[in-house]
Amino acid sequence: ATGSVVATPAQYDAEYLSPVSIGTPAQTLMLDFDTGSSDLWVFSSETPKSSVQGQTVYNPSKSSTAKKLSGATWKISYGDGSSSSGSVYTDKVTIGGLSVSNVAVESAQKVSREFTAEADLDGLLGLAFSSINTVQPTQQKTFFDMAKPSLDSAVFTADLKYGKAGKYNFGYIDDSAYNGSLTYTAVDSSNGWWMFTSPGYAVGSGTLDSTSITGIADTGTTLLLVPSSVVTTYYKQIRNARYDSSQAGYVFPCSTSLPSFTYAVGNSQIVIPGKYINFAPVDSAGSSCFGGIQSDEGIGFSIFGDVALKAAFVVFDGSQSPRLGFASK
Ligand SMILES: CN(C)c1ccc(C(=O)NN)cc1
């Protein structure tokens, strides 16, 4: 089996949302596919009304295939401080024509204000390793792990794009979606993430600096978060860039033309065009813009978020020895 689903960017490519059908008859929600976490959770009929501001909710009592997972609970918090928690059902989940039964669908009984504020986001679909799923007392498998036995190939691919819809495919690699060849690199999944080491980087047309960057491929994080030494080197190339403590990040005039940022993957390189690194205006005046490359200070590893991933076609190979494949596009 295979599946293919569109990934539509929300405000300033802050996140990418994909339609997911849950239950019988189908209840279709827009979920943020997140390779940085492993819980499939949704706004639901159990979410306090005051916390639901525009989201579509899953109602298990209206699904003939929903079953309460008795005694199961979940609770998750994300890098940006947001969080959610609740109860658990199992139900049929269909993504882009790929149907899987008895998937753990985590029903939100609490969501933090950051989620309430995202009217277009109805939940998250975790695509990291099931070892970090938060359901207790019985940890649950991700949609991908549940789908794996049925898939033609134990892979999914992320093809996110700048300011327009991209795609997630399950079970196959669309060789027409990228240029040249895929370069595969080793994954350390011991912490539950798709963690890899980039052997170097370059700013603009500069030479490759062999400072390695170890981080996670995380479609659920918007920006590229790297060591402060790399951040400093990048913004040093931009005359009017400055660290804005009120924004807790580097900003620059929105009219600035930005240098590209290249990250190495094995012996090949992915070039992030400069325009991808102008993330969004920090004020309604639109005079100063927030950089798409910021520091990973204090996290302990880097995060290759959407700013980095949307410059590539990425294969998440979930075979016996997981690996990541990157190609330019
Ligand atoms: C508040 N929202 C929409 C979030 C979505 C995803 C994440 C995240 O760190 N994923 N790896 C955080 C927050």
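Please read these numbers as outputs of a predicted model, since none were measured by experiment.

**Things to note about the confidence of the model for the protein chain**
And then number 1: Per-residue confidence for the protein chain averages 98 on the pLDDT scale, and 100% of its residues sit at or above 70.
And then number 2: For this predicted complex, the interface score ipTM comes out at 0.95, alongside a pTM of 0.98.

**Things to note about the pattern of salt bridges**
And then number 1: Counting across every chain of the model gives 6 salt bridges.
And then number 2: With a shortest N-O distance of 2.8 Å, Asp13 and Lys310 are connected by a salt bridge. With a gap of 297 residues between them, Asp13 in the loop between strand 1 (3-9) and strand 2 (16-22) and Lys310 in the loop between helix 4 (306-309) and strand 24 (313-317) connect regions that are remote in the sequence. Neither residue differs from the other here; Asp13 and Lys310 are each classed as buried.
And then number 3: Here Lys148 and Asp145 are joined by a salt bridge, their closest N and O atoms 3.1 Å apart.

**Here's the deal with the side chain of Ser288**
And then number 1: Here Ser288 lies in strand 21 (residues 288-291).
And then number 2: Beyond its immediate stretch of four places on either side in the chain, Ser288 contacts Val251, Phe252, Pro253, Cys254, Ala280, Pro281, Val282 and Asp283.

**Quick look at the sheet that holds strand 18 (residues 261-265)**
And then number 1: Across the sheet, 3 strands lie side by side as 13-18-19; this open sheet has antiparallel pairing. The open sheet has two edge strands with one neighbour each: strand 13 (201-203) and strand 19 (268-272). Sheet twist, expressed as the mean angle between neighbouring strand axes with direction ignored, is 20°.
And then number 2: One ladder, built from 5 bridges, connects strand 18 with strand 19; its direction is antiparallel. Paired with Val265 across the bridge in strand 19 is Ser268.
And then number 3: Across the sheet, helix 3 (residues 228-235) is in contact with strand 13 and strand 18; its angle to strand 13 comes to roughly 25°.

**Focus: the site of the ligand**
And then number 1: Neighbouring the ligand are 13 residues; Asp34, Asp80, Phe115, Asp218 and Gly220 lie closest to it.
And then number 2: Side-chain polar atom of Asp34 to a nitrogen atom of the ligand: 2.8 Å apart, as the coordinates give it.
And then number 3: Contact distances for the ligand include 3.4 Å between a nitrogen atom and a backbone N or O atom of Gly220.
And then number 4: Broken down by secondary-structure element, the contributors of at least two residues to the shell around the ligand are strand 3 (27-34) and helix 1 (113-116).
And then number 5: Grouping the constituent residues of the shell around the ligand by class yields 4 nonpolar, 3 polar and 6 charged.

**Quick look at the state of the cysteines**
And then number 1: A full pass over the atoms with the stated rule returns 1 disulfide.
And then number 2: Here Cys254 is linked by a disulfide to Cys289, with a sulfur-sulfur distance of 2.1 Å. With the S-S dihedral at roughly 105°, the linkage between Cys254 and Cys289 falls on the right-handed side. A residue pair is termed long-range when its members are at least 10 positions apart, and Cys254 in the loop between strand 17 (249-253) and strand 18 and Cys289 in strand 21 qualify at 35 residues.

**So, the side chain of Gln294**
And then number 1: Of note, Gln294 is situated in strand 22 (residues 293-295).
And then number 2: A distance of 3.0 Å separates the side chain of Gln294 from the backbone oxygen of Gly291, its partner in a polar contact.
And then number 3: Leave out the neighbours within four places in its chain, and Gln294 touches Leu223, Leu224, Leu225, Val226, Val231, Tyr235, Gly249 and Tyr250.

**Observations concerning the packing of aromatic side chains**
And then number 1: Scanning the model with the defined rule gives 26 aromatic pairs in all.
And then number 2: Centroid distance Trp41 to Phe115: 4.9 Å. Interplanar angle 90°. Geometry classified as edge-to-face. Highlighted residues: Trp41 in strand 4 (residues 40-42) and Phe115 in helix 1, separated in sequence by 74 residues.
And then number 3: According to the relative accessible area criterion, Trp41 is buried, its value standing at 0%.
And then number 4: A ring pair is formed by Tyr234 and Tyr235, whose centres lie 4.9 Å apart and whose planes are at 85°; its orientation type is edge-to-face. In terms of burial, Tyr234 and Tyr235 fall into one category: buried.

**Structural notes on unusual backbone geometry**
Negative phi values dominate among residues other than glycine, just as trans dominates among peptide bonds.
And then number 1: Here the residue pair Thr24 and Pro25 is connected by a cis peptide bond, since its omega of -10° sits within 30 degrees of zero.
And then number 2: Within the secondary structure, Pro25 is located in the loop between strand 2 and strand 3.
And then number 3: Not every positive phi belongs to a glycine, and Asp13 is a case in point at roughly 60°.

What counts, and at which threshold
- Residues numbered from 1 in each chain as written.
- Predicted model: local features only at pLDDT ≥ 70, side-chain atom pairs only at ≥ 80, totals over all residues.
- Heavy atoms only, no water.
- pLDDT = per-residue confidence, 0-100.
- Salt bridge = Lys/Arg side-chain N within 4 Å of Asp/Glu carboxyl O.
- Helix = DSSP H or I, 4+ residues; strand = E, 2+ residues; numbered from the N terminus.
- Buried < 20%, exposed > 50% of the residue type's maximum accessible area, 1.4 Å probe, protein only.
- Contact = heavy atoms within 4.5 Å.
- Pairing = 2+ DSSP bridges.
- Axes fitted to C-alpha atoms, helices over the stretch in contact; angles between N-to-C directions.
- Near = heavy atom within 4 Å.
- Polar contact = N/O pair within 3.5 Å; in protein donor to acceptor, adjacent residues only side chain to side chain.
- Nonpolar A, V, L, I, M, F, W, Y, C, P; charged D, E, K, R; others polar.
- Disulfide = S-S within 2.5 Å.
- Phe/Tyr/Trp six-rings, centres within 6.5 Å; stacked < 30°, edge-to-face > 60°.

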